There are 2 protein chains.
Amino acid sequence: MNRERRARGHGDELREELLDAAESLLAERDDERQVTIRAIVDRVGVTPPALYLHFANKQELVKAVVGRRFAALGAAIEHAVADPADRGEAAAALRAGCLAYLDWARENPGGYAVLFRVRRDTQLVTTEEVASVAFDSLVGGIRACQEAGVSGVDDARATAALVWASLHGLATLTSLRTQFPWPPLETMVDDLLHGVVGIPSKRVQARLGASEEQA
Amino acid sequence: MNRERRARGHGDELREELLDAAESLLAERDDERQVTIRAIVDRVGVTPPALYLHFANKQELVKAVVGRRFAALGAAIEHAVADPADRGEAAAALRAGCLAYLDWARENPGGYAVLFRVRRDTQLVTTEEVASVAFDSLVGGIRACQEAGVSGVDDARATAALVWASLHGLATLTSLRTQFPWPPLETMVDDLLHGVVGIPSKRVQARLGASEEQA
DNA sequence: ACCTGAACACCGTTCAAGT
DNA sequence: ACCTGAACACCGTTCAAGT
């Protein structure tokens, strides 16, 4: 079968093209099984064996995509956190970072899922490392709250672990069970950070104010 | 090829045998892709088409297994909750239920993962229903804490949603990233229920006691 | 050096045929 | 009524061969 668009460049830009194709395919049909090697190479206009010149197997290809997405996640968090942190508002920065995490997960359901669907045993140091970037920024956000005196937590890393797990659960469950009557994400993040990290919650303060007025 | 063990009974016990085989295969190799139709029927001693007499396709088979596991999860929670609830200790019952959820997830990593790996669009009412059984018992546990006066939360359902998401995140992340230095599950559940639901935490109380002694 | 054509062993699923 | 044998269209992957 003759391909309409033959491979043009003899550089290793093919590698990037394959990653682009895999990433966009993953975004469209967010089932990992639908993202087949033949679909990827078809989109680029090349035959299956050409892919194996750049990736050892499908898993390596997926891992490269995961690496890209983690980098994008890190950038999104950094961007969201920057402004409030510059103004010295540690709690607002932490909150913004958490919401950025959830927003990003919601906008890339297939991409987010694949980040953690990687098999246990074949998990790579690479993935661990990029994951820890997002985690470290969470630890940093909590430490900043401690230093600003708005968090009464003692172990920032242990608290960050719990917050991360909760965020991860929110990210996966809300995108997976869309029928469920979820409260707004902002509310849940607010309640979580208030309860677990101990930062002041505008929502709780507003409720207390209202009940005092009633009394 | 002659099968060693030919199909014996002409009942629909074959259906149960297939479910058993699929469930045990899922427990051994906890990758859903490894649980192939041919592996399942091989274990039972039957040919692939025989499976389609009892299940429309592989997804229906997986869904039936999911239903079984959810039932087992519900039973585990009920059992863990029963004793403390009988003694009127609402907070202890809630805590026991959450820990039972996490224990069960840890003991059945493949089984737990498959519960939520079901595709968004093909998700069935059945799965939603059995899932809501576990969720309703969480709502009930929180309501009991409200009535016992050990929780200052106003909306039990909204709180339960956040707790459920957090538990789900803990269940998946701790089993997926085993290298990560997780705090003990008991500690995290304690912190979560203390912070989000507002029930008293033995750990926090102990820490406060210790710091008072130091002062 | 980079890519293709053709094949391999697998997969889920179907269908005619056997008892 | 229940199961098998053989085939279908797919999949990931490999290998010899082309330029």
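From a predicted model like this one, the values you see are computed outputs, not experimental measurements.

Caption draft 1: Inspection of the domain arrangement of chain A at higher detail. Residue and element names in this part refer to chain A. Domain boundaries assigned for chain A yield domain 1 (8-55) and domain 2 (59-213). Listed as interface residues are eleven residues of domain 1 and, on the opposing side, twelve residues of domain 2. With both chains or domains summed, domain 1 and domain 2 bury close to 1,100 Å², and 63% of this area falls on carbon and sulfur atoms. Contact with domain 2 buries surface across domain 1, with Glu23, Leu26 and Glu32 losing the most and accounting together for 46% of the total. Inspection of the region where domain 1 meets domain 2 yields four salt bridges. As a salt-bridge pair, Asp20 and Arg68 come within 2.9 Å of each other at their nearest N and O atoms.

Caption draft 2: Quick look at the pattern of salt bridges. Residue and element names in this part refer to chain A. All chains considered together, the criterion is met by 20 salt bridges over all chains. Notably, a salt bridge pairs Arg43 with Glu28, separated by 2.9 Å at the nearest N-O pair. Placement of the pair is Arg43 in helix α2 (residues 37-44) and Glu28 in helix α1 (residues 13-28), with a sequence separation of 15 residues. By relative accessible area, which is 49% here, Glu28 ends up partly exposed. Salt-bridge contacts for Arg95 lead to Asp190; the nearest nitrogen and oxygen are separated by 2.8 Å. Residue Arg95 is located in helix α5 (residues 90-107), and its partner Asp190 is located in helix α9 (residues 185-197); the two are separated by 95 residues in the primary sequence. Residue class for Arg95 comes out partly exposed when judged on its relative accessible area of 29%.

Caption draft 3: Expanded view of the protein's contact with DNA strand C. Taken together, 20 residues lie near DNA strand C, and Thr47 and Pro49 of chain A together with Thr36, Arg38 and Tyr52 of chain B sit nearest. In DNA strand C, atoms within 4 Å of the protein come from the sugar-phosphate backbone in 54% of cases. Separating a base nitrogen of DNA strand C from a side-chain N or O atom of Arg38 of chain B is a distance of 2.5 Å. Between DNA strand C and Tyr52 of chain B, the relevant distance is 2.7 Å, taken from a phosphate oxygen to a side-chain nitrogen or oxygen of the residue. Mapped onto the surface near DNA strand C, the elements with two or more residues apiece are α3 (48-51) of chain A together with α2 (37-44) and α3 (48-51) of chain B.

Conventions adopted
Once a new chain begins, its residue numbering starts again from 1 and follows that chain's sequence as written. Labels follow written order: the first chain is A, the first ligand is 1, and so on. With pLDDT at 70 or above as the cut-off, local features in this predicted model cover only qualifying residues; side-chain atom pairs require 80 or more to be listed or tallied, and sums for whole chains, interfaces and linings still use all residues. As a convention, hydrogens and water are excluded, and side-chain values are obtained from all of the structure's heavy atoms. The split of the chain into domains comes from an automatic or database domain assignment. Throughout, a contact is declared for two residues whenever any of their heavy atoms are within 4.5 Å. What counts as buried area is the accessible surface, traced by a 1.4 Å probe, that two parts surrender upon association, with contributions from both included. Note on definitions: salt bridges are taken to be side-chain nitrogens of Lys or Arg within 4 Å of carboxyl oxygens of Asp or Glu. Strands are runs of DSSP state E lasting at least two residues, helices are runs of H or I lasting at least four, and both sets are numbered from the N terminus onward. Buried means the residue's accessible area, taken with a 1.4 Å probe over protein chains only, is under 20% of the maximum for its type, while exposed means over 50%, and partly exposed covers the values in between. We call a residue near a molecule or strand as soon as one heavy atom of that residue lies within 4 Å of the molecule or strand. Any pair of nitrogen or oxygen atoms within 3.5 Å is treated as a polar contact; in protein, a donor-acceptor pairing is required on top of that, and neighbouring residues in sequence qualify only through side-chain atoms on both sides.

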